[in-house]
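These are the residues of each chain, in order.
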Amino acid sequence: MTDYSFRLYIAGRTARSQAAVSNLRFLCESHLPKGYEIEVIDAIERPDLAEQERILATPTVVRLEPAPQLRVIGDLSDHGRAADVLGLSDSGGMLSRRST
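Since the model is a prediction, treat every value here as computed from it, not as a measurement.

Cut-offs used in this document
Residues numbered from 1 in each chain as written. Predicted model: local features only at pLDDT ≥ 70, side-chain atom pairs only at ≥ 80, totals over all residues. Heavy atoms only, no water. Helix = DSSP H or I, 4+ residues; strand = E, 2+ residues; numbered from the N terminus. Buried < 20%, exposed > 50% of the residue type's maximum accessible area, 1.4 Å probe, protein only. Contact = heavy atoms within 4.5 Å. Areas by Shrake-Rupley, 256 points an atom, 1.4 Å probe, with all protein chains shown as cover. Phe/Tyr/Trp six-rings, centres within 6.5 Å; stacked < 30°, edge-to-face > 60°. Salt bridge = Lys/Arg side-chain N within 4 Å of Asp/Glu carboxyl O. Lys, Arg positive; Asp, Glu negative; His and termini not counted. Polar contact = N/O pair within 3.5 Å; in protein donor to acceptor, adjacent residues only side chain to side chain.

Colleague: Provide a residue-level description of the overall build of the chain, including the pertinent values.
Modeller: When helices and strands are tallied, the chain shows 3 helices and 4 strands. Starting at the N terminus and ending at the C terminus, the chain contains elements arranged as β-α-β-α-β-β-α. Counting all 100 residues of the chain, 43% fall into the buried class. The contacts in the chain between residues at least 6 apart in sequence include a share of 65% that link residues at least 24 apart. About 5,900 Å² of surface is accessible on the chain, with carbon and sulfur atoms providing 50% of the total.

Colleague: Go over the packing of aromatic side chains with me, naming the residues and quoting the values.
Modeller: Applying the stated criterion to the full structure yields 1 aromatic pair. Between the aromatic rings of Tyr4 and Phe6, the centroid separation amounts to 6.1 Å while the plane-to-plane angle is 15°, which identifies the pairing as stacked. Considered together, Tyr4 and Phe6 belong to a single accessibility category, that of buried residues.

Colleague: Go over the pattern of salt bridges, please, and point to the residues and values.
Modeller: Enumeration over the complete set of coordinates arrives at 4 salt bridges. A salt bridge links Arg7 to Glu53; the nearest nitrogen and oxygen atoms lie 3.6 Å apart. With Arg7 in strand S1 (residues 4-10) and Glu53 in the loop between helix H2 (47-52) and strand S3 (60-65), this pair connects stretches of sequence that are 46 residues apart. Here Arg71 ties to Glu53 by a salt bridge, and the two come within 3.4 Å at their closest N and O atoms. Pair noted here: Arg71 is in strand S4 (residues 70-73) and Glu53 is in the loop between H2 and S3, with a separation of 18 residues, a long-range link. Given the relative accessible area of 18%, Glu53 is considered buried. Here the residues in one salt-bridge network are Arg7, Glu39, Glu53 and Arg71, joined through shared partners.

Colleague: Explain the side chain of Asp75 residue by residue, including any values.
Modeller: Turning to its location among the elements, Asp75 is positioned in the loop between S4 and helix H3 (79-85). Buried charge without a partner: Asp75 forms no salt bridge, and the closest opposite charge is Arg16, 4.1 Å away. Of note is the side chain of Asp75, whose polar atom sits 2.9 Å from the side chain of Ser77. Excluding residues that lie within four positions of it along the chain, Asp75 makes contacts with Arg16, Ala19, Ala20, Asn23 and Pro59.

Bear in mind that shape data such as this cannot, by itself, settle questions of function.
Dropping the structure here:
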């Protein structure tokens, strides 16, 4: 069972998309030792899902679980800020609140 669930919307196999995938995996590995799930959706291949979720820009990560749903737009390269916005800073991981 996973404690956290994320959906990452990207647009193709660009360097920015790949950076977002890598950065999200890094954040999860660093902050969520109890488990997580990441679903990567290419908005070019699945525009119906992107429209349904009202994704206006890519990359966008949506934290689905735990509630409430949270979103971050960008490649998540500012690890400290992304962790704060996604609610990962207090999850007991290895990185501190201000780390980058």
